[in-house]
Amino acid sequence: MITFTIVTCTYCAEHELQRTVDSVLHQSYGEVEHLIIDGASKDGTLAIARSYMEANEETGMHRVVLKSEPDRGLYDAMNKGIFEATGDYLIFLNAGDVFPSPDTLELVAGQVGEDEELPGVLYGDTDVVNDEGTFLYRRRLSPPEHLTWRSFRQGMLVCHQAFYARTDIARCNLYNLDYRLSADVDWCIRIMKDAEGRGLSLRNLHMVVVNYLEGGMSIKNHRASLRERFLIMCHHYGLLTTYFMHTWFVVRAVVTSLRDSSKKRSDR
């Protein structure tokens, strides 16, 4: 039976955290460890986390660990989570993000045979929700049937929260703290490269595995994030490939915008 470590990194997240811990608390799958890595929050975040720990003790379903101390930012906190994790797979679930249903992890676990070698990565689809948890849209970039590290030349086709990496591989590939906004892109590519080098498969789960809260750090710092992603792609795929792919991204965005505008006019 495979085990999961969920890592939730927080800093002054009292507005978003409750829905996330409720989502984990109600997961029917028992082999779950939840690490809350907090950056010494000054608001009500820690009170919510401690109340959640008490509620989880009553059910006895999952192991919950709270660690609160100053850190060097989100990706430093994620690295701390990697070192603390004991599960077979890592799930990075940000404050505000939730699982689509109480049986999400049970369904994911059911797609991995008990006697088979664990895939390097399990990945799935993402629905985007608003602050009230209402469905907005399916994430535009959708996971390919057969994912490789080269797939991300077309953009980040799998949402970070829908990318479950084997913990042993992650420990060999920590987040690069030189990247402030898009270290997750670099991390996913390196995880997939390492998995390929070990001869491990990357498995498409063919299901929505996370409801992602619209917004986030890279969205709020969009231009800087794009510049950083360009540098990351140049590092992994080369300048020419990255340049031509970004040219295609611009063309695709223009075509999509024109098509959407045309559809709106025809719907009137």
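Whatever comes next refers back to the structure up there.
Bear in mind that the values here come from a model prediction, so they are computed numbers and not experimental data.

### As for the overall build of the protein chain
Working step 1: If you tally the helices and strands in the protein chain, you get 9 helices and 8 strands.
Working step 2: Relative to the 2.2 N^0.38 estimate, which gives 18 Å for 268 residues, the radius of gyration of the protein chain is 19 Å and therefore close to what a compact globule would have.
Working step 3: Seen through its C-alpha atoms, the protein chain measures out along the principal axes to roughly 55 × 50 × 35 Å.
Working step 4: Within the protein chain, the proportion of its 268 residues that are buried is 50%.
Working step 5: At a minimum sequence separation of 6, the contacts of the protein chain that also span at least 24 residues come to 78%.
Working step 6: When the accessible surface of the protein chain is split by element, carbon and sulfur atoms take 52% of a total near 13300 Å².
Working step 7: Looking at charge distribution, the protein chain has the averaged site of its 29 positive side-chain charges lying 11 Å from that of its 37 negative ones.

### Some remarks on the environment of Glu 214
Working step 1: Mapped onto the elements of the fold, Glu 214 is located in the loop between strand E8 (202–213) and helix H7 (217–220).
Working step 2: Considering only alpha carbons, one finds Glu 214 and Met 156, 58 residues apart in sequence, at a separation of 16 Å.
Working step 3: Ignoring sequence-local partners within four residues, the contact set of Glu 214 consists of Val 128, Val 129, Leu 136 and Tyr 137.
Working step 4: Within the structure, the side chain of Glu 214 is placed 3.3 Å from the side chain of Tyr 137, a separation counted as a polar contact.

### Some remarks on the side chain of Asn 56
Working step 1: Along the chain, Asn 56 falls in helix H2 (residues 45–59).
Working step 2: Overall, the relative accessible area of 3% leaves Asn 56 in the buried class.
Working step 3: Within the structure, Asn 56 has its side chain in polar contact with the backbone oxygen of His 62 (distance 2.3 Å).
Working step 4: If sequence neighbours within four positions are ignored, Asn 56 has contacts with Leu 25, Met 61, His 62, Arg 63 and Val 64.

### Structural notes on the pattern of salt bridges
A side chain with one charge may pair with a side chain of the opposite charge, provided their charged atoms come close.
Working step 1: Scanning all chains against the criterion turns up 12 salt bridges.
Working step 2: Residue Lys 67 is joined to Glu 69 by a salt bridge in which the shortest nitrogen-to-oxygen separation is 4.0 Å.
Working step 3: Overall, the relative accessible area of 30% leaves Glu 69 in the partly exposed class.
Working step 4: A salt bridge links Asp 127 to Arg 138; the nearest nitrogen and oxygen atoms lie 2.4 Å apart. Taken together, the positions of Asp 127 in strand E5 (residues 121–129) and Arg 138 in strand E6 (residues 135–138) put the pair 11 residues apart, joining distant regions of the chain.
Working step 5: Overall, the relative accessible area of 12% leaves Asp 127 in the buried class.
Working step 6: Residue classification places Arg 138 among the partly exposed positions, given a relative accessible area of 44%.
Working step 7: Here the salt bridges share partners, and the residues they tie into one network are Lys 67, Glu 69, Lys 80 and Glu 84.

### A short note on unusual backbone geometry
Working step 1: The phi torsion at Cys 12 lies on the positive side, around 50 degrees, for a residue other than glycine.
Working step 2: Note that Cys 12 resides in the loop between strand E1 (4–10) and helix H1 (17–25).
Working step 3: You will see that His 206, though not glycine, has its phi angle at about 55 degrees, which is positive.
Working step 4: His 206 sits in the exposed class, given a relative accessible area of 51%.

How each quantity is defined
- Each chain carries its own residue numbering, running from 1 in the written order of its sequence.
- With pLDDT at 70 or above as the cut-off, local features in this predicted model cover only qualifying residues; side-chain atom pairs require 80 or more to be listed or tallied, and sums for whole chains, interfaces and linings still use all residues.
- Excluding hydrogens and water, the side-chain values take into account all heavy atoms of the structure.
- Strands here are runs of E lasting at least two residues and helices are runs of H or I lasting at least four, both read from the DSSP assignment and numbered beginning at the N terminus.
- Restricting the calculation to C-alpha atoms gives the radius of gyration, and the globule rule supplies 2.2 Å times the number of residues raised to the power 0.38.
- Each residue is placed in one exposure class: buried if its accessible area under a 1.4 Å probe, protein chains only, is under 20% of its type's maximum, exposed if it is over 50%, and partly exposed if it falls in between.
- Note on contacts: a residue pair qualifies if any of its non-hydrogen atoms lie within 4.5 Å across the two residues.
- Method for areas: the Shrake-Rupley scheme with a 1.4 Å probe, in which residue coverage is limited to the protein chains shown.
- When charges are counted, Lys and Arg contribute as positive and Asp and Glu as negative, whereas His and the chain ends are disregarded.
- Think of each charge as sitting on NZ of Lys, CZ of Arg, CG of Asp or CD of Glu.
- We call two N or O atoms a polar contact when they sit within 3.5 Å, provided that within protein one can donate a hydrogen and the other can accept it, with sequence-adjacent residues counted only if both atoms are side-chain atoms.
- Each reported salt bridge corresponds to a side-chain nitrogen of Lys or Arg within 4 Å of a carboxyl oxygen of Asp or Glu.

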